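A closer look at the structure
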Amino acid sequence: MSEPNTLQEAVIYFSSPQNCLDYLAAKRWPNGVVCPTCSSNKVKFNAGHRVWQCSSHHPKRQFSVRVGTIFEDSAIGLDKWLVAIWMLANDKNGVSSYEIARSLGVTQKTAWFMMHRIRLALQDADGGKLGGEVEVDESYIGGLSRNMHVSKRQKKIFGTGGRDKVAVLGILKRQGKVRTSVIPDVTRNTLHAQVRSNVAPGAQVFTDAWTAYTGLDTEYIHNVIDHAKAYAVENVHTNGLENYWSLLKRTIKGTYVSVEPFHLFRYLDEQAFRFNNRLDIGDCDRFNLAVSQVVGRRLTWNKLTGKTSDLQSTVN
Ligand SMILES: [Zn+2]
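Cut-offs applied
- Residues numbered from 1 in each chain as written.
- Predicted model: local features only at pLDDT ≥ 70, side-chain atom pairs only at ≥ 80, totals over all residues.
- Heavy atoms only, no water.
- Helix = DSSP H or I, 4+ residues; strand = E, 2+ residues; numbered from the N terminus.
- Rg over C-alpha atoms; globule rule 2.2 N^0.38 Å.
- Buried < 20%, exposed > 50% of the residue type's maximum accessible area, 1.4 Å probe, protein only.
- Pairing = 2+ DSSP bridges.
- Axes fitted to C-alpha atoms, helices over the stretch in contact; angles between N-to-C directions.
- Contact = heavy atoms within 4.5 Å.
- Core = buried A, V, L, I, M, F, W, Y, C linked by side-chain atoms within 4.5 Å.
- Donors = N, O, S within 2.8 Å, 3.2 Å for Na, K, Ca; no water.
- Tetrahedral: all angles 85-135°; square planar, octahedral: opposite > 155°, others 65-115°.
- pLDDT = per-residue confidence, 0-100.
- Salt bridge = Lys/Arg side-chain N within 4 Å of Asp/Glu carboxyl O.
- Arc of directions from axis to C-beta.

Topic: the overall build of the protein
- The helix and strand inventory of the protein stands at eleven helices and eight strands.
- Relative to the 2.2 N^0.38 estimate, which gives 20 Å for 316 residues, the radius of gyration of the protein is 22 Å and therefore close to what a compact globule would have.
- In terms of overall dimensions, the protein has C-alpha extents of about 70 × 50 × 40 Å along its principal axes.
- In the protein, which comprises 316 residues, the proportion classed as buried is 45%.

This is the structure:
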């Protein structure tokens with residue numbers, strides 16, 4: 001059987017442990033298996049234990065296909081992992097942890113943890129600065145943490161400045177990719193720093209008339225659309241990002257009813273992955289791309305739940 005093209009084919013294909021191993025090994029080591037510790041290609045496969053052994057004598061010379069990936073240290077089978085990736089990479093409105101739990105026969109807590117690891121794999125590698133026509137727009141994501149206990153919720157709302165909303169900045173290269181990030185505020189300092197680190201000098205930047213954007217014209221061709229007057233004047237608009245915000249909010253409200261502000265950036269990564277890989281690419285390709293990004297990324301339970309503080313730096 002050739003590689004799967006639909007969710008149903010994926011479920012059947014990955015029900016074979018051998019297929020899981022072959023598929024993942026081929027994605028991970030397209031030029032042949034190498035030792036994750038010393039990069040040697042002198043490795044021997046032990047079929048009984050489904051592990052390789054490096055011919056050099058060093059610690060960790062035995063390794064599985066999972067070592068150094070989001071699957072490392074997980075007791076969940078690759079059959080479930082790969083199907084979960086298929087679902088999350090391809091369902092344009094996202095998939096709730098309850099749905100994954102029911103579909104795969106794992107607990108909701110396990111599903112939730114799996115999905116956050118998958119979101120880490122979906123995180124876009126830094127692609128340098130954007131040029132050409134770039135829309136920049138800020139938005140607020142509200143309705144977060146609505147399942148939280150009242151006392152905890154009040155503390156959180158009080159602690160974040162009295163609003164149950166989180167500010168997000170979107171940067172969209174027209175006909176290209178979107179980047180989104182959670183930002184502490186929408187001041188001039190914050191917005192200008194974000195634009196400078198994501199957009200190449202000399203690019204055309206399109207924003208609304210929010211005063212914090214004033215001054216961008218020293219480095220960019222700054223086009224302003226005043227939404228009090230019109231939504232678009234010829235090519236001056238931020239409609240690409242407006243569409244993106246409505247997609248994102250539909251996913252968060254419709255599918256993920258209890259996102260904590262603390263985890264919001266992961267949901268942003270997930271939505272951006274699907275959006276950025278929506279054109280000229282099928283479910284199978286999107287899945288392949290997601291799987292190719294599982295290597296070199298780790299997310300432990302402690303990191304995920306904030307017991308360590310380096311949440312944003314988990315991409316190696
Ligand atoms: Zn080695």
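Notes on unusual backbone geometry
- Look at Lys-60: it is not a glycine, yet its phi comes out positive at around 60°.
- Residue position: Lys-60 is located in the loop between strand S2 (51-54) and strand S3 (62-63).
- Despite not being glycine, Asp-280 shows a phi value in the positive range, around 55°.
- Note that Asp-280 resides in the loop between helix H9 (264-276) and helix H10 (283-292).
- Classification of Asp-280 as exposed rests on a relative accessible area of 83%.

Some remarks on the sheet that holds strand S5 (residues 165-173)
- Pairing is mixed across the open sheet formed by five strands, whose spatial order is S6-S5-S4-S7-S8. Looking at the sheet topology across the chains shown, the edges are occupied by strand S6 (178-182) and strand S8 (221-225). Direction aside, the axes of adjacent strands within the sheet are offset by 25° on average.
- In terms of strand pairing, strand S4 (residues 133-142) meets strand S7 (residues 204-208) through three bridges, oriented parallel. Residue pairing for S7: Val-134 is matched across the bridge by Val-205.
- Against the sheet, helix H7 (residues 188-198) contacts S4, S5 and S6, and its axis sits at roughly 35° relative to S5.
- Of the strands in this sheet, S4, S5 and S6 are in contact with helix H8 (residues 239-254), which crosses S4 at around 30°.

Let's talk about the nonpolar core
- Ranked by internal contacts, the top residues of the largest apolar core, which has 63 residues, are Phe-71, Leu-82, Ile-85 and Leu-264.
- No other element matches the ten residues that helix H3 (residues 78-90) contributes to this core.
- The contacts of Phe-71, once residues within four sequence positions are left out, are Leu-24, Arg-66, Leu-78, Trp-81, Leu-82, Ile-85, Arg-117 and Val-294.
- Ranked by size, the runner-up nonpolar core spans 17 residues in total, among them Ile-183, Val-195, Val-205 and Tyr-213.

Focus on the coordination of the zinc ion
- Distances from the zinc ion to its protein donors, Cys-35 (SG), Cys-38 (SG), Cys-54 (SG) and His-58 (NE2), fall within 2.1 to 2.3 Å.
- One can describe the site at the zinc ion as tetrahedral: its four donor atoms subtend angles covering 105 to 112° at the metal.
- On the primary sequence, the residues serving as donors to the zinc ion are separated as C-x2-C-x15-C-x3-H.
- Among the residues examined, Cys-38 registers a relative accessible area of 33% and is labelled partly exposed.

What about the environment of Lys-80?
- Along the chain, the position of Lys-80 falls in helix H3.
- Considering only alpha carbons, one finds Lys-80 and Leu-130, 50 residues apart in sequence, at a separation of 37 Å.
- Residues contacting Lys-80, with those up to four places away along its chain left out, are Leu-104, Gly-105, Val-106 and Met-114.

Some points on the confidence of the model for the protein
- In this model, the protein carries an average pLDDT of 87, and 90% of its residues clear a pLDDT of 70 or more.
- Note on residues 153-162: pLDDT is under 50 here. Beyond four places in sequence and across chains, it has eleven contacts.
- pLDDT under 50 marks residues 309-316. Its contacts with residues more than four places away, or in other chains, come to 17 contacts.

Overview of the pattern of salt bridges
- The full count for this structure, using the stated rule, is eight salt bridges.
- The salt bridge involving Arg-196 is made with Glu-219; its shortest N-O contact spans 2.6 Å. One end of the pair, Arg-196, is in helix H7; the other, Glu-219, is in the loop between S7 and S8, and 23 residues separate them in sequence.
- Accessibility expressed as a relative area gives 37% for Arg-196, which makes it partly exposed.
- Several salt bridges converge on common partners, so that one network encompasses Arg-119, Glu-270 and Arg-274.

Quick notes on helix H4 (residues 97-104)
- Every buried residue of H4 is accounted for by Ser-97, Ile-100, Ala-101 and Leu-104. What you see down the axis of H4 is that its buried residues fit within an arc of 100°, all on one side. In H4, the exposed positions that point more than 90 degrees away from the buried face belong to Tyr-98 and Arg-102.
- In the core, the buried residues of H4 are packed alongside H3 and helix H5 (108-122).
- Of the residues trailing H4, Gly-105 is marked for its positive phi of about 70°.

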